[in-house]
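Spelled out, the chains give:
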2 protein chains.
Amino acid sequence: MLRFLSRARSITSSVTQGIRPYSSTPSKAHLVLPGKEEDYPRGFRLSGIHCGVKKTTDADLALLVSDTTDTSAAAVFTQNVFAAAPVLQCKEVLRAHNGQGVRGVVVNSGCANAVTGTQGERDALEMAQTVDRTMAWDPSAPSPHSLVMSTGVIGQNLPIDRILQGIPKAASALATGHDAWLAAAEAIRTTDTFPKLRARTFTLPSGRSYRLAGMAKGAGMIHPNMATMLGIMATDAAISPAALQKALSHACDRSFNAITVDGDTSTNDTLSILANGAAWTNKDASDPLDVSQADFPVFQEQLTDFSAELAQLIVRDGEGATKFVTVHVTNASTFKEAKKAAMAIATSSLVKTALYGQDANWGRILSSIGASGVPMTPKAVSVSFLPANANSSNQGELRLLDQGEPAQVDEEKASAMLAQEDIVIRVSLGAGKEDARVWTCDLSHGYISINADYRS
Amino acid sequence: MLRFLSRARSITSSVTQGIRPYSSTPSKAHLVLPGKEEDYPRGFRLSGIHCGVKKTTDADLALLVSDTTDTSAAAVFTQNVFAAAPVLQCKEVLRAHNGQGVRGVVVNSGCANAVTGTQGERDALEMAQTVDRTMAWDPSAPSPHSLVMSTGVIGQNLPIDRILQGIPKAASALATGHDAWLAAAEAIRTTDTFPKLRARTFTLPSGRSYRLAGMAKGAGMIHPNMATMLGIMATDAAISPAALQKALSHACDRSFNAITVDGDTSTNDTLSILANGAAWTNKDASDPLDVSQADFPVFQEQLTDFSAELAQLIVRDGEGATKFVTVHVTNASTFKEAKKAAMAIATSSLVKTALYGQDANWGRILSSIGASGVPMTPKAVSVSFLPANANSSNQGELRLLDQGEPAQVDEEKASAMLAQEDIVIRVSLGAGKEDARVWTCDLSHGYISINADYRS
């Protein structure tokens, strides 16, 4: 997984659906959408408390538990060789349970428990074991029932005693609904400028309705540091672990693995989902959704769309970002090639600085895909800018390159379009029928200041 | 090939061997080393004139010719799919002649002749043909005898008449020695802050001495634009085209393809060398150096070292650069893996901003190699900073990570080291015996300003 980052900055992000982010107001009151209680999945309780990992009084320990014994779990982890102890611990828990009966997630912020050797591995295990003991979950199980995540400073051991003492406190604060989710979303923040939380209800072809909620963070920059992307989702759907993992991997490729702020991948990145089947009757739970059912592709599409919504909040909180950019590569031979080309554009420093400078510099876009390693025919490639609301139509399209030939660019129209905060870059490879979208931000002075100057 | 860029900026680069670059003086008088006439290869003549591609009166047309008919030529080109017309033309010339008898290089700056369709291809061919006619070179040859390079604005056709009229003027200005090389090096600049020119004499095991000179540019940023890296070298050694190509490819991997400013690859990047055998007697020319001779590996090493010196000037002129950073990956299984890991560090925006901020942030170094795709054992990896003059020793080494364990970092020593303009990052993968060096610069506010703000 790619890593994404974020950090407190002078500009305040305002994220509400359909309204431009990055308002200039310092108030954070409107950064979080008001949650509708009916959208939060049943049978899950959450809390967020302060246990003392952070030096401030900010919340730094989040707990999520499912009330259902046979909750399914799935996760996607960082591909970084230096995967942190909690990542290794999560993999072991999922392996030991084969994804079934994993019903807790415990997260601390303020310390990443990364590059911490065998002590770090013991600490991650003990966090999971303490959740089990506190919740009085089956002690005879081969492995604890909780996923463990940590984010914050690397190369330092956890203040493990404070965390272990905090877990019972977190357990006694567990509650349902929006406020509980928000408390947990607050507790996983490091230097995010706002908590990232969304919830929705969806209906499958069979007529079954489920709820889906999720929180994300992305991510902290404290010396010595690495940013971490965490995503924690929960649904009250009944679904087999295998189907859940398949849907999550599909969703992740098109959401958390389709965003980039600066192209780096942290040691701790984790995206997880628990599904507890609490939405319906026991009958429903005994007939969990599997990949062969007609409901599955729709569930997968819902999860993908929801994941993308959550992931995009990380880009909106991107360090120094002044633009939210959708890169849409169309007419590729495969999804993989479309995404590779899109990522080449989305990670190009030259493209990102041009966007910051509101410069319709199609040469840089062309150069970045030309060097991406994706096979293409130069004379089949077209490049356009589109306004954000024309994501799936051609309305307002500004052609820059037309099948390999430079277009006569209406500079006035280009300037007006690039002055917007939301921009769509569309590239047609003219090779096939597959497409991919990735989301990125611009590269600004703010990014440099956040990542270089903050010690001065 | 990667592309590297450079552009006029307020800070002035001072490059003299052993002296720190980036002096604060605005004078450019000392940016170019005084050339020793005896180091310039025999049998080559050069010129640089103004023909009118640039709107200013700056030189914009360079010509290099060899006086020897059977000059060998070799080149390495951009891997970008959108290779420009002059790149395609060069490939055709080298193919048609099989590298033998290619004796001219004509270069214009101010317009890249990239993404210019069939008109662009005709223009590039005509430039080469006009050099042939002007120099009265064999008209019966299957292809012109000159390489063609262009750099500057993309997406615009060349003002071809001015260039064709300029070629006879450039031919009549041809001369030997330092001033002629400098005039050519000036003419290939776009927005480089100084002309990049070096020359040296070297002796092979057989006792033969040769001269080697080269110039480089890297590179211009004008809207709409792409930067271009050009390198043009000449030696009076007698060497077969096959041996020359082999040595050049080896050298390029360890020089021009081992530098990065921002990781992008332009459409026009070209590195070329001509070898005319004019150094010695006819006896020598009739016995050209080939890969089987004991002289070859030494020639190759000389060319590699010289190419690295020339390539490093591009990094020294990197946009907004305040640091010159050597990334040295050691104890890798293969050179390819060592270089891949080194490039992952050298292109990481997080590493580069940390260097700009003088932050001993080994977490970012670790994260970047961990995500590089190079197989490694976390507990075998060590990371150090070294002062620039300790490139091949351990003197003054500052250990940051020792076989996967964080070291106790002497912050005072770290600050002093990172305050230097030249820094070495050494990473041992603990896996084998191969190593690779790449050179990069930091990522600063200057870079953002140059690439984003210059329209305002």
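Residues numbered from 1 in each chain as written. Chains lettered and ligands numbered in written order. Predicted model: local features only at pLDDT ≥ 70, side-chain atom pairs only at ≥ 80, totals over all residues. Heavy atoms only, no water.

Per an unreviewed UniProt entry, chain A carries the name Arginine biosynthesis bifunctional protein ArgJ, mitochondrial and comes from Piptocephalis cylindrospora. On record in UniProt, under Subunit (unreviewed entry), the comment for chain A is "Heterodimer of an alpha and a beta chain." In its Sequence similarities (unreviewed entry) section, UniProt records this for chain A: "Belongs to the ArgJ family." (UniProt positions renumbered as here; feature names shortened; annotations may be inferred.)

Novice: Go over the overall build of chain A with me, naming the residues and quoting the values.
Specialist: Broken down by element type, chain A carries 12 helices and 16 strands. Counting all 456 residues of chain A, 64% fall into the buried class. In chain A, the proportion of contacts linking residues at least 24 apart, taken out of those at least 6 apart, comes to 79%. Accessible area of chain A: about 15,500 Å², with a carbon and sulfur share of 49%. (Helix = DSSP H or I, 4+ residues; strand = E, 2+ residues; numbered from the N terminus. Buried < 20%, exposed > 50% of the residue type's maximum accessible area, 1.4 Å probe, protein only. Contact = heavy atoms within 4.5 Å. Areas by Shrake-Rupley, 256 points an atom, 1.4 Å probe, with all protein chains shown as cover.)

Novice: Go over the packing of aromatic side chains, please, and point to the residues and values.
Specialist: Residue and element names in this part refer to chain A. Counting across every chain of the model gives 6 aromatic pairs over all chains. Measuring from ring centre to ring centre gives 6.2 Å for Phe-202 and Tyr-210, while their planes differ by 55°; the resulting arrangement is tilted. Feature note: the residues Phe-202, Tyr-210 and Phe-299 constitute an aromatic cluster, connected by ring pairs. Cation over ring: Lys-196 sits above Phe-194, and NZ or CZ is 4.3 Å from the ring centre. For Arg-316, the ring lying beneath its charged end belongs to Phe-324, and the centroid distance is 3.8 Å. (Phe/Tyr/Trp six-rings, centres within 6.5 Å; stacked < 30°, edge-to-face > 60°. Lys NZ or Arg CZ within 6 Å of the ring centre and 35° of its normal.)

Novice: Account for the environment of Gly-370 of chain A, naming residues and giving values.
Specialist: The topology assignment puts Gly-370 of chain A in helix α10 (residues 362-370). Along the sequence, Gly-370 of chain A and Ala-344 of chain A sit 26 residues apart, while their C-alpha atoms lie 9.0 Å from each other. Among residues more than four places away in sequence, those in contact with Gly-370 of chain A are Gln-79, Asn-80, Val-81 and Phe-82 of chain B.

Novice: Describe the pattern of salt bridges, listing the residues and the values that go with them.
Specialist: According to the stated counting rule, one finds 26 salt bridges over all chains in the structure shown. Of the charged contacts in the structure, one is a salt bridge between Arg-208 of chain A and Asp-287 of chain A, with a shortest N-O distance of 3.2 Å. Taken together, the residues Arg-208 of chain A in the loop between β6 (196-203) and β7 (209-218) and Asp-287 of chain A in the loop between α6 (282-285) and α7 (295-316) connect sequence positions 79 residues apart. Residue Arg-208 of chain A is classed as buried on the basis of its relative accessible area, which comes to 10%. A residue is classified by how much of its surface remains accessible, and Asp-287 of chain A, at 36% relative accessible area, is partly exposed. Here Asp-317 of chain B and Lys-196 of chain B are joined by a salt bridge, their closest N and O atoms 2.7 Å apart. Of this pair, Asp-317 of chain B sits in the loop between α7 (295-316) and β11 (324-332) while Lys-196 of chain B sits in strand β6 (residues 196-203), and the two are 121 residues apart along the sequence. Look at Asp-317 of chain B and you get buried, because its relative accessible area is 0%. Through salt bridges that share partners, Arg-198, Arg-200, Asp-305 and Glu-309 of chain A make up one connected network. (Salt bridge = Lys/Arg side-chain N within 4 Å of Asp/Glu carboxyl O.)

Novice: Mind laying out the sheet that holds strand β10 (residues 270-275) of chain A, listing which residues take part and the relevant values?
Specialist: Residues and elements named next belong to chain A. Spatially, 5 strands are ordered β3-β10-β8-β7-β6 in an open sheet, and the strand pairing comes out mixed. Where the open sheet ends on each side, the last strands, each with one partner, are β3 (72-77) and β6. Within the sheet, the average angular offset between the axes of one strand and its neighbour, ignoring direction, is 15°. Here β3 pairs with β10 via 6 bridges, running antiparallel. Looking at the pairing, Val-76 lines up with Leu-271 of β10. Its contacts with the sheet put helix α1 (residues 85-97) on β3 and β10, and the angle it makes with β3 is roughly 145°. Contacts between α7 and the sheet are confined to β6, β7, β8 (229-235) and β10, with β6 contributing the most and set at about 160° to the helix. (Pairing = 2+ DSSP bridges. Axes fitted to C-alpha atoms, helices over the stretch in contact; angles between N-to-C directions.)

Novice: Tell me about the confidence of the model for chain A, and please be specific about residues and values.
Specialist: For chain A, mean pLDDT is 85; residues scoring 70 or higher make up 87% of the total. Within the model, the stretch residues 220-225 of chain A combines pLDDT values under 50 with 32 contacts to residues more than four positions away or in other chains. (pLDDT = per-residue confidence, 0-100.)

Novice: How would you summarise helix α1 (residues 85-97) of chain B if you had to cite specific residues and measurements?
Specialist: Residue and element names in this part refer to chain B. With 13 residues, α1 ought to run about 18 Å at 1.5 Å a step, and its terminal C-alpha atoms sit 19 Å apart, in line with that. Of the positions making up α1, those classed as buried are Ala-85, Pro-86, Val-87, Gln-89, Cys-90, Val-93, Leu-94 and His-97. On its buried face, α1 is in contact with β3 (72-77), α2 (117-135), β5 (146-153) and β10 (270-275). The first or second residue beyond α1 is Asn-98, which carries a positive phi of 55°. (Expected span 1.5 Å × (residues − 1).)

Novice: Which residues make up the packing of α1 of chain B against α2 of chain B, and what are the values?
Specialist: Residue and element names in this part refer to chain B. Following both chains from N to C, one finds α1 and α2 inclined at 50°, their axes separated by 8 Å at the closest point. Regarding the angle of α1 to α2, the classification is oblique. For the pair α1 and α2, the crossing hand works out as right-handed. Packed against α1, whose contacting residues are Ala-85, Pro-86, Leu-88 and Gln-89, the element α2 presents Gly-120, Glu-121, Ala-124, Leu-125 and Ala-128 at the interface. Of the residues contributing to the contact of α1 with α2, the split by class is 6 nonpolar, 2 polar and 1 charged. (Parallel < 35°, antiparallel > 145°, perpendicular 65-115°, else oblique. Left-handed = near helix turned anticlockwise from the far one by under 90°. Nonpolar A, V, L, I, M, F, W, Y, C, P; charged D, E, K, R; others polar.)

Novice: So what's going on with helix α9 (residues 349-356) of chain A? Which residues, and what values?
Specialist: Counting buried positions along α9 of chain A gives 7 out of 8 residues, so the element sits mostly inside the fold. What α9 of chain A keeps buried is the set Ser-349, Leu-350, Val-351, Lys-352, Thr-353, Ala-354 and Leu-355 of chain A.

Novice: Break down the UniProt feature "binding site: substrate" (unreviewed entry) in chain A for me, citing the residues and quoting the values.
Specialist: Residue and element names in this part refer to chain A. The UniProt record marks Thr-190, Lys-217, Thr-228, Glu-319, Asn-451 and Ser-456 with the feature "binding site: substrate" (unreviewed entry), using the residue numbering of this structure. You can see Thr-190 is positioned in the loop between α4 (178-187) and β6. Judged by relative accessible area, which is 16%, Thr-190 ranks as buried.

Novice: Explain the packing of helix α8 (residues 335-346) of chain B against helix α10 (residues 362-370) of chain B to me, using residue names and the numbers behind them.
Specialist: All names here are of chain B. Orientation of α8 relative to α10, taken along the N-to-C sense of each, is 130°, at an axis distance of 8 Å. In terms of their interaxial angle, α8 and α10 are classed as oblique. You can see that α8 and α10 cross each other, and the crossing is right-handed. Listed contacts from α10 to Ala-341, Ala-344 and Ile-345 of α8 are Ile-365, Ser-368 and Ile-369. Considering only residue class, the contact of α8 with α10 consists of 5 nonpolar, 1 polar and no charged.

Novice: Describe the side chain of Asn-113 of chain A, with residues and values.
Specialist: All names here are of chain A. Inspection of the secondary structure assignment puts Asn-113 in the loop between β4 (104-111) and α2 (117-135). Using a relative accessible area of 0% as the deciding quantity, one classes Asn-113 as buried. At 2.7 Å, the side chain of Asn-113 and the side chain of Thr-116 are in polar contact. (Polar contact = N/O pair within 3.5 Å; in protein donor to acceptor, adjacent residues only side chain to side chain.)

Novice: Describe in detail the sheet that holds strand β15 (residues 422-428) of chain B, supporting the description with residues and values.
Specialist: Residues and elements named next belong to chain B. In space, the 7 strands of this open sheet follow the order β9-β16-β11-β15-β12-β13-β14, with mixed pairing throughout. In this open sheet, the two edge strands, each paired with only one partner strand, are β9 (259-260) and β14 (405-406). Taken together, the 6 bridges between strand β12 (residues 382-387) and β15 define a ladder with antiparallel strand orientation. Bridge pairing links Leu-386 to Val-424 in β15. Its contacts with the sheet put α8 on β9, β11, β15 and β16 (434-441), and the angle it makes with β16 is roughly 25°.

Novice: Give me the pairing of strand β2 (residues 61-66) of chain B: which residues, what numbers.
Specialist: All names here are of chain B. Of all the 6 residues making up β2, 6 are buried; the element is thus mostly covered by neighbouring parts of the structure. Neither face of β2 is left uncovered, since the one carrying Leu-61, Leu-63 and Val-65 and the one carrying Ala-62, Leu-64 and Ser-66 both have all their residues buried. As paired elements, strand β1 (residues 44-49) and β2 share 6 bridges and run antiparallel to each other. Following the sheet pairing, Ser-47 is matched in β2 by Leu-63. In the sheet, β2 pairs with strand β4 (residues 104-111) via 5 bridges, with the strands oriented antiparallel.

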